[in-house]
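# Topology and contacts: notes
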Amino acid sequence: WKSHSMEMAVQQGVNKMGKSAKSLVRSISSAAGLGDKTRSKRRQVNDKLSKKKGNVDGWRNILWQLKTLAYSEGLSNGILIVIVLNFITMAIDFDCDVCHRNQLPLGSDCATYKAVLEISNIVFAAIFLCEMIIKILGMGVVKYFTSRVNLFDAGIVIISLIEIEPVLIVFDCYRTSKGADDYTQITCPLDDCPNKGGSNLTVLRTFRLVRIVKLLRAFPDVQKQIKIVISVLGSVAALNGLILIFLLIFCILGMNIFGGGMADSWDPELMGLGAQVYVSIPWDPSGIPRYGQVVEMDFLNHSVAPWNLEIRYGREQGVQEMLGLTDEGTLWASGPEDYGVGVPFIDSIVPRLHFDDILHAIVTTFQILTVANWNDVLYIAAGGNGAVTGLYFYSIIAVGNWMLLNL
C-alpha cells in the first residue's frame, strides 16, 4: 500500500510539473510574440522619427548653407559686381525718341537698345530681391531688420519692385515701336515712354547707386577719412547753428529793408506764366505801381494788352472797383513800350532773387553769403534803395563769409 501511494504521489508530481512546464512554455511563447509585436511597433516609430529627423536635419542644413552664404564674401563681392553693372547700364542710357530715332547714333536700333536696358533693370531688381531673401533666411528676420544697412537695402528692393510694372509698360512700348518707319505706325501710347514723360518712379532707380558706397570697404584709407569727417560733424554742429541764426537775422532784416522795393528792368523774354511784375494803373490815385503776377497771356484777342495780371493787393473793399479789377482780381496790361494808350502797363519785373517773402529772402541771403553773383543782387537793390544798400551786403560778406564760413 505504501509503495502504491508513493507511486501515486510521484505520478501526481510529474503531472503537476508537466502542467507547469506547459504553462511556462505558453508564457514564454506569448512573451516572445509580444516582444515581436513591440519590436515591430518600435521599429515603425523609429522609422517615423528618423524620417522626421532627416527632414529636420535637411532643413537645418539648408538654413546653415543660407547662413554661410549670407555672411560669405562671395555674395558681397557678387552684389558689388551687380551694382557696378547697374551703374554702367544707367550711365549709358540716353533719351531715345522713337519718333526721331533715325537722328540718333543708334539709328533704327534705338528702340531695341532701350528695351534691353529696361529689361536689365528688372534683372537687377530680381538679383537684389534674391540677396534680400537669402539674408533674411540666413541671418534671421530680427537680426536682418535690426541692421540699418539691411533696412536701406530692403527699401531699395521694395522701390525696385514698385517700378516693375511701369518698366514693363515702357519695354512693351519700345518693343512694339521696333520697325516703325514714322510716328503714325507706332502702336503704343508715346506718353508711356520715358522720353515722353514715362513713370515718375524711374527716378527712384538712382537710389540703387548709393549701394556703391560698399566699395569703400576695399579702401581702408578712405574709410579712415570718412570716420574723421563724421567725427568732425558733431563738433561743428554749434557753428552750423550759429550760421543759421546769422542767416535768419539778415533774412528778416532784408525783408524789412528791401521787401517790395527790388525791381528789374523790363525784358519781354522773362515774361511768362507766373512771372511777378509791377504794373502801373493810370487811374490809380496812389500813382504807385501795384504788385501783380501773370496768370494768362493772349496775343491774339488782346494785342494791345496781352498779359492778364492778378493784382495781389487790390481786392480790398472799394479798391477793386476803383482799379477796375475783375471778380478774380485781375486786369489786362501792356508792356512799357505802349505807355500812354490809356491802359495799365508793366512798369518793371520782380527779379528772381528778392526779399518779398520769406522763402525768396532765405535763398537770396544765402546766395549773398556764398558771394555767388552777389553784385547783381546789389545793383538791383541799390537801384531802388540807394547806395546805402551796400552796407547790408558788405556786412553779410564780411561777417558771414569771411569769418563764420572760414572758421
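It should be emphasised that the depicted structure is a prediction, and the values quoted were computed from it without experimental measurement. (Residues numbered from 1 in each chain as written. Predicted model: local features only at pLDDT ≥ 70, side-chain atom pairs only at ≥ 80, totals over all residues. Heavy atoms only, no water.)

### Details of the overall build of the protein
Within the protein, the secondary structure is distributed over 12 helices and five strands. The buried share of the protein, taken over its 407 residues, is 32%. Accessible area of the protein: about 25,500 Å², with a carbon and sulfur share of 64%. (Helix = DSSP H or I, 4+ residues; strand = E, 2+ residues; numbered from the N terminus. Buried < 20%, exposed > 50% of the residue type's maximum accessible area, 1.4 Å probe, protein only. Areas by Shrake-Rupley, 256 points an atom, 1.4 Å probe, with all protein chains shown as cover.)

### Quick look at the environment of W332
Tracing the sequence through the fold places W332 in strand β4 (residues 330-333). For the pair W332 and N308, spaced 24 residues apart in sequence, the C-alpha separation works out to 4.4 Å. Look past the residues within four positions of W332 in its chain and what remains in contact with it is E296, D298, H302, A305, P306, W307, N308 and P344. (Contact = heavy atoms within 4.5 Å.)

### A closer look at the sheet that holds strand β2 (residues 290-297)
Judged by pairing direction, the sheet is antiparallel, and its five strands sit side by side in the order β4-β3-β2-β1-β5 without closing on themselves. Of all the strands in the sheet, the pair left with one neighbour each is β4 and β5 (345-349). Geometrically, the sheet is characterised by an average inter-axis angle of 50° between neighbouring strands, direction not taken into account. As paired elements, strand β3 (residues 307-311) and β4 share four bridges and run antiparallel to each other. Bridging across to β4, N308 finds its partner in W332. (Pairing = 2+ DSSP bridges. Axes fitted to C-alpha atoms, helices over the stretch in contact; angles between N-to-C directions.)

### Examining the side chain of S72
Summarising the element assignment, S72 is placed in the loop between α1 (2-70) and α2 (73-91). Here the side chain of S72 touches L75 through a polar contact of 3.4 Å, landing on its backbone nitrogen. (Polar contact = N/O pair within 3.5 Å; in protein donor to acceptor, adjacent residues only side chain to side chain.)

### A few points about the packing of aromatic side chains
Evaluated as defined, the whole model comprises 11 aromatic pairs. Seen from their ring centres, W374 and Y394 are 6.2 Å apart, and the 75° between their planes marks the pair as edge-to-face. Taken as a pair, W374 in helix α11 (residues 374-385) and Y394 in helix α12 (residues 389-404) lie far apart in primary sequence, 20 residues in all. W374 sits in the partly exposed class, given a relative accessible area of 21%. Among the residues examined, Y394 registers a relative accessible area of 47% and is labelled partly exposed. Ring centres 5.5 Å apart and planes at 85° place the aromatic pair Y392 and F393 in the edge-to-face group. (Phe/Tyr/Trp six-rings, centres within 6.5 Å; stacked < 30°, edge-to-face > 60°.)

### Some thoughts on α12
The end-to-end C-alpha distance of α12, which contains 16 residues, comes to 22 Å, matching closely the 22 Å that a straight helix rising 1.5 Å per residue would cover. Among the residues of α12, T389, G390, Y392, F393, I396, I397, G400, N401 and L404 are the ones counted as buried. (Expected span 1.5 Å × (residues − 1).)

### Focus on the environment of M262
Note on placement: M262 falls in the loop between α8 (237-258) and β1 (276-280). M262 sits 118 residues away from I380 along the chain, and the two C-alpha atoms are 6.2 Å apart. Those residues in contact with M262 that lie beyond four places of it in its chain are Y278, V350, P351, L353, H354, F355, V377, I380 and A381.

### Some words on the pattern of salt bridges
Considering all chains together, one arrives at two salt bridges under this definition. Here K135 ties to E131 by a salt bridge, and the two come within 3.3 Å at their closest N and O atoms. Taken together, the residues K135 and E131, both in helix α3 (residues 110-139) and four residues apart, mark about one turn of the helix. For the pair formed by K135 and E131, the shared burial category is buried. Here R290 and D284 are joined by a salt bridge, their closest N and O atoms 3.0 Å apart. One exposure class covers both R290 and D284, and it is buried. (Salt bridge = Lys/Arg side-chain N within 4 Å of Asp/Glu carboxyl O.)

### Considerations on α8
Compared with the 32 Å implied by 1.5 Å per residue over 22 residues, the 31 Å span of α8 between its first and last C-alpha is a close match. Against the buried residues of α8 lie α10 (358-369), α11 and α12.

### Regarding the confidence of the model for the protein
Reading predicted coordinates in detail is not appropriate for stretches of low pLDDT. Per-residue confidence for the protein gives a mean pLDDT of 75; residues scoring 70 or more make up 70%. Of all helices and strands in the protein, the one with the weakest mean pLDDT is α1 (58), whereas α10 scores best (91). Below a pLDDT of 50 lies the segment residues 179-187, which in the model reaches nine contacts outside its immediate sequence neighbourhood of four places, other chains included. With pLDDT under 50 throughout, residues 194-199 is counted as low confidence; its partners more than four residues away or in other chains account for 17 contacts. (pLDDT = per-residue confidence, 0-100.)

### Some thoughts on the pairing of β5
Counting buried residues in β5 gives four out of five residues, a clear majority hidden from the surface. One ladder, built from four bridges, connects β1 with β5; its direction is antiparallel. Residue pairing in the sheet places S280 in a bridge with F345 of β5.

### Details of the pairing of β2
With four bridges connecting them, β1 and β2 associate as antiparallel partners. Within the sheet, the bridge partner assigned to V277 lies in β2 and is G292. Pairing of β2 with β3, which is carried by five bridges, proceeds in the antiparallel orientation. Each bridged residue has a counterpart across the sheet, and for E296 the counterpart in β3 is N308.

### Structural notes on the packing of α10 against α12
To describe two helices that pack against each other, one gives the angle between their axes and the distance between the axes. Where α10 meets α12, the closest approach of the two axes is 9 Å, and the angle between their N-to-C directions is 65°. Contact residues: α10 offers T365, I368 and L369, while α12 offers Y392, F393, I396, I397, G400 and N401. Tallied by class, residues from the contact of α10 with α12 come to six nonpolar, three polar and no charged. (Nonpolar A, V, L, I, M, F, W, Y, C, P; charged D, E, K, R; others polar.)

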